[in-house]
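Structural description and commentary
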Amino acid sequence: MSGSVVVENLVKIYGDLHAVDDLSFEVGSGEVLGFLGPNGAGKSTTMKIITGFLPPTSGRVTVCGHPVETQPEAAKRCLGYLPEGAPAYSEMTPWQFLNFVADIRRPKDRRGRLDWVIGQLGLEPVLHRPVDTLSKGYRRRVGLAQAMLHDPRVLIMDEPTDGLDPNQKRQVRDFINEMAKDKTIIISTHILEEVEAICTRAIIVSAGKILVDETPEELRRRSRYCNAVTVQAELKEPVRTALGELEDVAVVEPERNQGLTLIPRPGCTLEGAVRDVLLRHNLKEVPLHIQAGRLDDVFHTLTHDVHE
Amino acid sequence: MNNLIAILRRELVGYFQTPVAYVFIMIFLLLSGTLSFYLGNFYEREQADLGAFFTFHPWLYLFLVPAISMRLWAEERKTGSIELLMTLPVTVPQAVLGKFLAAWIFTGIALFLTFPLWLTVNYLGDPDNGIILGAYLGSFLMAGGFMAIGACISATTRNQVVAFILSLVTCFLFLLSGFPLVLDFFQLWLPQPVVDAIASLSFLTHFSSINKGVIDLRDLSYFVILISVWLYANMIVVRARKAA
């Protein structure tokens, strides 16, 4: 067992609903695991079990070598958790709230850690205002500060950027990226760009089961758009026909600006062949765009089938 | 222990950051004063004691304690902060005791602030201060009993109004369990020893003897056991229904 977080055969049943269905995975230091899936796939439930909030129906979770069920306090001490929606005590100010968490977490250099999280997350301007008067972005940052206060080895965040505006999302992502080097981070999300921006690995779950467990790169390669070629120019009919008749082209999709996207047959590349066609029609200057693959497409293909 | 104190302090400070504390203390002082002077005939009795004052405490607590206890857990459920609290390295007993003690100490503060009445009887006459102290202790213990019931019920729901009403009804049954209103109902279908046992659970019987100045170990232990049992139930409820 080398991982900081080890999940073995986790099952959680509510009534006759299998919220989590035999989930197993391991996450090590330096990894940022993105936990993806449609709403209701069991992401939050899994996180609640890892953090010791919910007991599993069966299976076990180990955090930093401590089994969560038998040594909950030890496990909780080495993890920081941002629950969904970043709840906090609304009548308290961030300063009081962080001090309360510090009273319980008792980090070594208390004053230093408080100053650090407050500085890192830019909480100074709102430090003495009640939490329920703060904007969503600030509330999320208070939640992050609380999770980071004791410099935990494992950081678990349930939809850390949900409901934030693009700038706030970016701030939170930058922050997570900075933390990532020597920590084990698990985030859940249904925002796919987030996976590309911060995750080193992605697990897609649906109906409580793991569908894939790969790097975002590998995931993208599953897309039918992987190596697809987009020709960004107005093309005359003979060129269009010639491109469509190429041997390795599986599907031709029209683009909004009269251009085309050519989707290759599995395992084929099109760039060379497309350039040849364009050369023959004296269209040397036409820009080509080779796609790396689209995560939303992969996500849809994988999770759609399960629901049908 | 440190965790318990941290939770206790957070709760207690929380009361004074919202109008809850001030409204509660004002109402408690107003009602306890008015009731003892008007309904309790504080002056007309011409006795230098606080009997007129303490007689109304069970009825005051019946409404006011559930108003404090209703938010203890229901609010944490509603806002989701329970998820935060229970994923900190605290145990369920620490959380349950910390919250309960904070609420209990808070009612203790309200009770303490009635001391001008005690000064008044000492100014007007020569009361038996031992009896008064005993009655204060009894009243405080009884408030703890109501609070433990309310805390446990608050943990069963995420709706504070539901918690308030259920606590009030439960407290009312405990208050009156020595009275025909409750006993007649049980007498129909339960054997006499069980009915007697139910009768002995009454807050009023135990409190009225303390109020008269008879500090019986049985009455004290009654409240201590009652509080313990309800807090234990509170822990079970929190463990079982954290996420519900």
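Residues numbered from 1 in each chain as written. Chains lettered and ligands numbered in written order. Predicted model: local features only at pLDDT ≥ 70, side-chain atom pairs only at ≥ 80, totals over all residues.

1. Re the overall build of chain B
Of the regular secondary structure elements, chain B holds 14 helices and zero strands. Against the 2.2 N^0.38 benchmark of 18 Å for 244 residues, chain B shows a C-alpha radius of gyration of 19 Å, consistent with a compact globule. Based on the C-alpha atoms only, the size of chain B along its principal axes is roughly 55 × 50 × 30 Å. Counting contacts in chain B only where the partners sit at least 6 residues apart, residues at least 24 apart contribute 81% of the total. (Helix = DSSP H or I, 4+ residues; strand = E, 2+ residues; numbered from the N terminus. Rg over C-alpha atoms; globule rule 2.2 N^0.38 Å. Contact = placed C-beta atoms within 7 Å.)

2. Remarks on the nonpolar core
By size, the foremost hydrophobic cluster in this structure holds 133 residues, and its most contacted members are B:Phe100 and B:Ala148. For this core, the element with the most residues is helix 9 (residues 129-154) of chain B, which contributes 13 residues. Residues contacting B:Phe100, with those up to four places away along its chain left out, are B:Met147, B:Ala148, B:Ala151 and B:Leu231. Counting 15 residues, the second largest nonpolar core, distinct from the first, contains A:Tyr225, A:Val229, A:Val231 and A:Val274. (Core = buried A, V, L, I, M, F, W, Y, C linked by C-beta atoms within 7 Å. Buried ≥ 20, exposed ≤ 12 C-beta atoms within 10 Å, placed from the backbone.)

3. Details of the interface of chain A and chain B
Of the residues lining the interface, 20 residues belong to chain A; the matching set on chain B comes to 19 residues. For the side of chain A that touches chain B, the secondary structure elements donating two or more residues are helix 2 (72-77) and helix 3 (94-105) of chain A. The greatest single-element share of the side of chain A that touches chain B, amounting to four residues, is contributed by helix 3 of chain A.

4. Notes on helix 5 (residues 71-79) of chain B
Where helix 5 of chain B is concerned, the buried positions are B:Arg71, B:Leu72, B:Trp73, B:Ala74, B:Glu76 and B:Arg77. Close packing links the buried residues of helix 5 of chain B with helix 4 (57-69), helix 6 (81-87), helix 7 (92-112), helix 9, helix 10 (160-176) and helix 14 (217-240) of chain B.

5. Brief notes about the sheet that holds strand 5 (residues 66-67) of chain A
Residues and elements named next belong to chain A. The strand order across the open sheet formed by four strands is 2-1-4-5, and the pairing between neighbours is antiparallel. Among the strands making up the open sheet, the edge pair consists of strand 2 (17-27) and strand 5. Pairing of strand 1 (residues 5-14) with strand 2 involves eight bridges; the strand directions are antiparallel. Among the inter-strand pairings, valine 5 is bridged to a residue of strand 2, identified as valine 27. (Pairing = 2+ DSSP bridges.)

6. Here's the deal with the domain arrangement of chain A
What the domain assignment lists for chain A is domain 1 (5-216) and domain 2 (229-291). Its C-alpha centre places domain 1 of chain A at a distance of 44 Å from the equivalent point of domain 2 of chain A. (Domains from an automatic or database assignment.)

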